[in-house]
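The chain contents come next:
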Amino acid sequence: MTRVAFLGLGHMGLPMAKNLVAAGHEVHGFDLVPAAIEAAGAAGIPVAASGAEAVADAEVVVTMFPAGKHVIEAYRTELLAAARPGTLFIESSTIAVDEARAAHALALAAGHRHIDAPVSGGVVGAEAGTLAFMVGGSDDDFAAALPLLEIMGKRIVHCGGPGLGQAAKVCNNMVLAVSQIAVAEAFVLGERLGLEHQALFDVVSQASGQCWALTTNCPVPGPVPTSPANRDYQPGFAGALMAKDLGLALQAIEQTSTDARMGRLAQELYAAYAAGEGATRDFSGIITDIRG
C-alpha cells in the first residue's frame, strides 16, 4: 500500500483517485472547488484542509491542475516545502513543456523526485482506468511511478527526460484536433452531397481515412452509439480544453520555428469554437461550427 496525495479532484482527477483507492492504496485528496470536495467525500476519499496537509505524510503526490501557472505556484508556495524529503511528484496536468521542466527543477532543488505524466483518454478513460500516460523523467523515477500509473492507465510510455511527456501530449493532441476537424468537414461535405451518415462511416471506417476521431468520437449521431454526438455533445473532452492544449502546441510551434500550418489552423478554429458554446461541449461538436 502506498500513501498518495491526490490534488485536483475534478472530472479527471476524482475517478483516477478512486481507482487508486480500489486497488488498495491510501489516498488523501485536496481541491479548491467545494463541489469536488463534496464528490470526493461521497466517494470515500478523505479531503485535507490544504494542499500542504494532504502531502505532509504522502509517499507520492499526484497533481491534476488546470494550467501550468497553478502547478508552479502550488509547488513554490506550499507543496514542495510540506512534503517529506524524497517524495515522488507525478505531475499529470497538461502544461507547457518549459513549465514541466521548471516544475521538475523546483522539485529536485527541494530534494524530491519528479515526473511529468500527462494523460489521454478523457473522463471515460479515467473512470475505466484505461488512460494513456506520456511520461517524462528519469528511468528510476519512471520505474517507481509505474505501478501506480498502471492502475490508472492501460498504456504507459516513457518518452524520455523531463518535459518530454508534455511534448508527446502536445504533439498527440495536435494530431487529434486536426483529424477531428477533417472528419467533421468530411461529414458536412457528405451531407451536402446527399450521403447518409452511416454509409459514409461504413466506407471511411474501413478505408484509409480510418482514425480515432471517426471510429470512437464520430461527430454525428448514429454510427458510434457511445460518441458524444449521441449525448448532445456532452464531454468527453471539452472544446475549451482542446483550445487550451492547442495553445500549448502553438507556443511550442513558435518556440521551435516549426512550419506547422495545420496545427496553427486547428488552434484558430478551436479558439473560435471555445469562445462560444463549444467551451462546455465536447470538442467533436466543432462540426456545428463547420456546418455554419
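One can find the structure itself at the top, above this paragraph.
In this report, we go over the structure that sits alongside the text. (Residues numbered from 1 in each chain as written. Predicted model: local features only at pLDDT ≥ 70, side-chain atom pairs only at ≥ 80, totals over all residues. Heavy atoms only, no water.)

Observations concerning the overall build of the chain
Keep this limit in mind: The secondary structure listing takes helices from DSSP runs of H or I that are at least 4 residues long and strands from runs of E that are at least 2 residues long, numbered from the N terminus. Whether two residues are in contact is decided by their heavy atoms: any pair within 4.5 Å suffices. The accessible surface values rely on the Shrake-Rupley method and a 1.4 Å probe; as for residues, cover is taken only from the protein chains in view. Residues scored as positive are Lys and Arg, those scored as negative are Asp and Glu, and His as well as the terminal groups of each chain are ignored. Positions of charges follow a simple convention, taking NZ of Lys, CZ of Arg, CG of Asp or CD of Glu.
Along the chain, the regular secondary structure elements total 13 helices and eight strands. The dimensions of the chain, computed from C-alpha atoms along their principal axes, are 65 × 45 × 30 Å. Here the analysis covers contacts within the chain between residues at least 6 apart in sequence; of these, 65% occur between residues at least 24 apart. Accessible surface, the chain: about 13000 Å² in total, of which carbon and sulfur atoms supply 58%. Side-chain charges of the chain comprise 17 positive and 29 negative groups, with the mean position of each set lying 2 Å from the other.

As for the layout of surface pockets
Let me state the cut-off plainly: Grid points spaced at 1 Å over the protein atoms alone were grouped into cavities, where a 1.4 Å probe fits but cannot get out, and pockets, open sets with protein on both sides within 12 Å along at least five of seven lines, with lining residues defined by an atom within 4 Å of a point. Grid points are joined across faces, edges and corners, and a volume is the space filled by probe spheres set on the points. Three residue categories are used. Nonpolar comprises Ala, Val, Leu, Ile, Met, Phe, Trp, Tyr, Cys and Pro, charged comprises Asp, Glu, Lys and Arg, and polar comprises the others, including Gly.
Considering only enclosed or pocket space, the second largest pocket measures out at about 180 Å³ in volume. For the second largest pocket, the full set of lining residues is Val97, Arg101, Ala167, Val170, Cys171, Met174, Ala249, Ala252, Ile253, Thr256, Thr258 and Ala260. Those elements giving two or more residues to the lining of the second largest pocket turn out to be helix H5 (97–109), helix H8 (164–193) and helix H11 (239–255). Per-element accounting of the lining of the second largest pocket gives the leading share, four residues, to H8. Here the residues of the lining of the second largest pocket are counted per class, giving nine nonpolar, two polar and one charged.

Description of the pairing of strand E2 (residues 26–30)
Put simply, the rule reads: When DSSP finds two or more bridges between two strands, those strands count as paired. Here is how to tell: hold the view so the strands point away, follow the path from the first strand over the helix to the second, and if it runs clockwise the crossover is right-handed.
Sheet topology note: the strand E1 (residues 3–7)/E2 ladder contains five bridges and is parallel. Across the sheet, Leu7 pairs through a bridge with Phe30, a residue of E2. Once you follow E1 into helix H1 (residues 13–22) and on to E2, the crossover reads as right-handed.

Some words on the nonpolar core
We apply this condition: For the purposes of this section, nonpolar cores are sets of buried Ala, Val, Leu, Ile, Met, Phe, Trp, Tyr and Cys residues that join through side-chain atoms within 4.5 Å. Exposure classes here rest on a 1.4 Å probe applied to the protein chains alone. A residue is buried below 20% of its type maximum, exposed above 50%, and partly exposed in between.
Counting residues in each nonpolar core, the largest one holds 31 residues, and the members touching the most others are Phe6, Met12, Met16, Ile90, Phe133, Val135 and Leu149. Every element with two or more residues in this core is listed here: E1, H1, helix H2 (34–42), strand E3 (60–63), strand E4 (88–91), helix H6 (122–128), strand E7 (131–136) and helix H7 (139–152). If you tally residues by element for this core, the top one is H7, at five residues. Not counting residues up to four positions away in its chain, the partners in contact with Met12 are Met64, Val119, Gly122, Val123, Ala126 and Leu131. In terms of nonpolar packing, the next biggest core, distinct from the first, is built from 28 residues, Ala177, Cys218, Tyr270 and Ile287 among them.

Section: the packing of aromatic side chains
To keep things clear, this is the line we draw: Ring geometry is summarised as follows: Phe, Tyr and Trp rings, the Trp one being its six-membered ring, pair when their centres sit within 6.5 Å, and such pairs are stacked at plane angles under 30 degrees, edge-to-face over 60 and tilted between the two.
For the structure shown, the criterion picks out four aromatic pairs. Aromatic side chains Phe237 and Phe283 sit 5.7 Å apart centroid to centroid with 80° between the ring planes, which places their arrangement in the edge-to-face category. Of this pair, Phe237 sits in the loop between helix H10 (212–215) and H11 while Phe283 sits in the loop between helix H12 (261–274) and helix H13 (287–291), and the two are 46 residues apart along the sequence. Between Tyr270 and Tyr273, the ring centres sit 6.1 Å apart and the planes meet at 80°, which makes this aromatic pair edge-to-face. Taken as a pair, Tyr270 and Tyr273 lie in helix H12 at a separation of three residues, close to a single helical turn.

A closer look at the packing of H8 against helix H9 (residues 197–204)
Short version of the rule: Fitting a line to C-alpha atoms yields each axis, with helices limited to the stretch in contact; the angle taken between N-to-C directions then spans 0 to 180 degrees. Roughly parallel refers to an angle under 35 degrees, roughly antiparallel to one over 145, roughly perpendicular to one between 65 and 115, and oblique to any angle outside these ranges. In a left-handed crossing the near helix is turned counterclockwise from the far helix by less than a right angle, and in a right-handed crossing that turn is clockwise.
Put simply, H8 and H9 touch, their axes get as near as 10 Å, and they point 130° apart. Comparing their axes, H9 and H8 come out oblique. Like other packed secondary-structure pairs, H8 and H9 cross with a definite hand, here right-handed. The residues of H9 that touch H8, namely those facing Ala186, Phe187 and Glu191, are His197, Leu200 and Phe201. Here the residues of the contact of H8 with H9 are counted per class, giving four nonpolar, one polar and one charged.

Observations regarding unusual backbone geometry
The residue after Pro235, namely Gly236, is reached through a cis peptide bond having omega 10°. Relative to the helices and strands, Gly236 resides in the loop between H10 and H11. The phi torsion at Tyr233 lies on the positive side, around 60°, for a residue other than glycine. With respect to the helices and strands, the residue Tyr233 is situated in the loop between H10 and H11. With relative accessibility at 7%, the residue Tyr233 sits in the buried group.

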